[in-house]
Amino acid sequence: MSTSNPFRHFKTSPEIIRLAVMMYIRFPLSLRNVEDLLHERGMDISHETVRYWWNRIGPMFAAEIRQRRVERMRSMTHWRWHLDEVFVKINGETRYLWRTVNHEGEVLEAFLSKRRDRKAALKFPRKLLKRHGRPEAIVTDKLRSYGAAMRELGNAERQQTGRYLNNRVENSHLPFRRRERAMTRFRRMRSLQKFAAVHSSIHNHFNKERHLYSRDNFKLNRAAALAEWRQLFAA
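Given the structure is predicted, the values throughout are model-derived calculations rather than measurements.

Engineer: So what exactly am I meant to see when it comes to the nonpolar core here?
Structural biologist: Considering soluble globular proteins, one finds that nonpolar side chains tend to be buried as a cluster. Tyr24 and Trp229 are the most contacted members of the largest nonpolar core, which has 41 residues in total. For tryptophan 229, the residues in contact, after removing those within four places along its chain, are Arg18, Val21, Met22, Phe61, Ile65, Ile202, His205 and Phe206. Residues Ala121, Leu122, Ile138 and Tyr146 belong to the second largest nonpolar core, which totals 18 residues.

Here it is, written out as structure tokens:
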């Protein structure tokens, strides 16, 4: 894990920077919404400052969270992955955001491409297998590119397709879609790829699936996630 201090060049308190970055990425708020909410709490911060903070420090937070989670997940059994792609518009042109979640709904990777052909469908799972290992099953839709990619990777027998089987990843698109609408879409592929990666890590960190726990356990898990967030890059 990184030991450098990303706050060393900022005069603003690290607690305020963490709060602003969390509010902007975790919730469907615009930059000006975050500025107004911080102003109500007595903090005079420009929306352009919030933009600079999330661009500069957000990826560092996400990388730190991802590294910790990947290290913990390597000792676990990967039962099932769900792969899917969503259409996104960038300056009026259609692009494809490939996303993978595990059987618990945790987003593993997000990858942006101009096409959804065999080449793109092969590059994405290859990256997944290198970082997370090999699952027992991979659920996809019936897009032919998936079948060609699975055969080339030697995972054809692990691939599963069927109606409703991929609802897990379909539902996981909703938080990203809400965030996309709040940002009034994206203008560059690079900015979309960057935000998708940061949003996935931070969403995983705070997503405690409250429907699976009692109220008391959920409150404990939520408090633990917030405490861990406040300790990121703490001195």
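Engineer: In this structure, what is going on with the side chain of glutamate 106? I would like to understand it.
Structural biologist: Following the sequence through the fold, glutamate 106 ends up in the loop between β2 (93-102) and β3 (107-113). A relative accessible area of 12% places glutamate 106 in the buried class. Polar side-chain contacts of glutamate 106 include one of 2.8 Å to the side chain of arginine 69.

Engineer: Looking at this model, I keep getting lost on helix α5 (residues 144-153). Mind explaining?
Structural biologist: Residues spaced three or four apart along an α-helix face the same direction, because each turn holds 3.6 residues. Along α5, seven of the 10 residues are buried, which leaves the element largely enclosed by surrounding structure. By the burial criterion, the buried members of α5 are Ser145, Tyr146, Gly147, Ala148, Ala149, Met150 and Leu153. Where α5 is buried, its residues touch β1 (80-90), β2, α4 (118-132), β4 (137-139) and β5 (159-160). Remark: glycine 154 follows α5 within two positions and exhibits a positive phi of approximately 80°.

Engineer: Would you mind showing me how to read the pattern of salt bridges here?
Structural biologist: Counted by the stated rule, this structure contains 11 salt bridges. With a closest N to O distance of 3.5 Å, arginine 68 and glutamate 228 form a salt bridge. Residue arginine 68 is located in helix α3 (residues 47-73), and its partner glutamate 228 is located in helix α8 (residues 215-230); the two are separated by 160 residues in the primary sequence. A relative accessible area of 26% places glutamate 228 in the partly exposed class. Between glutamate 152 and arginine 118 there is a salt bridge; the shortest N-O distance is 2.6 Å. Taken together, the residues span a long stretch of sequence, with glutamate 152 in helix α5 and arginine 118 in helix α4 at a distance of 34 residues. Residue classification places glutamate 152 among the partly exposed positions, given a relative accessible area of 48%.

Cut-offs and rules
- Residues numbered from 1 in each chain as written.
- Predicted model: local features only at pLDDT ≥ 70, side-chain atom pairs only at ≥ 80, totals over all residues.
- Heavy atoms only, no water.
- Core = buried A, V, L, I, M, F, W, Y, C linked by side-chain atoms within 4.5 Å.
- Buried < 20%, exposed > 50% of the residue type's maximum accessible area, 1.4 Å probe, protein only.
- Contact = heavy atoms within 4.5 Å.
- Helix = DSSP H or I, 4+ residues; strand = E, 2+ residues; numbered from the N terminus.
- Polar contact = N/O pair within 3.5 Å; in protein donor to acceptor, adjacent residues only side chain to side chain.
- Salt bridge = Lys/Arg side-chain N within 4 Å of Asp/Glu carboxyl O.

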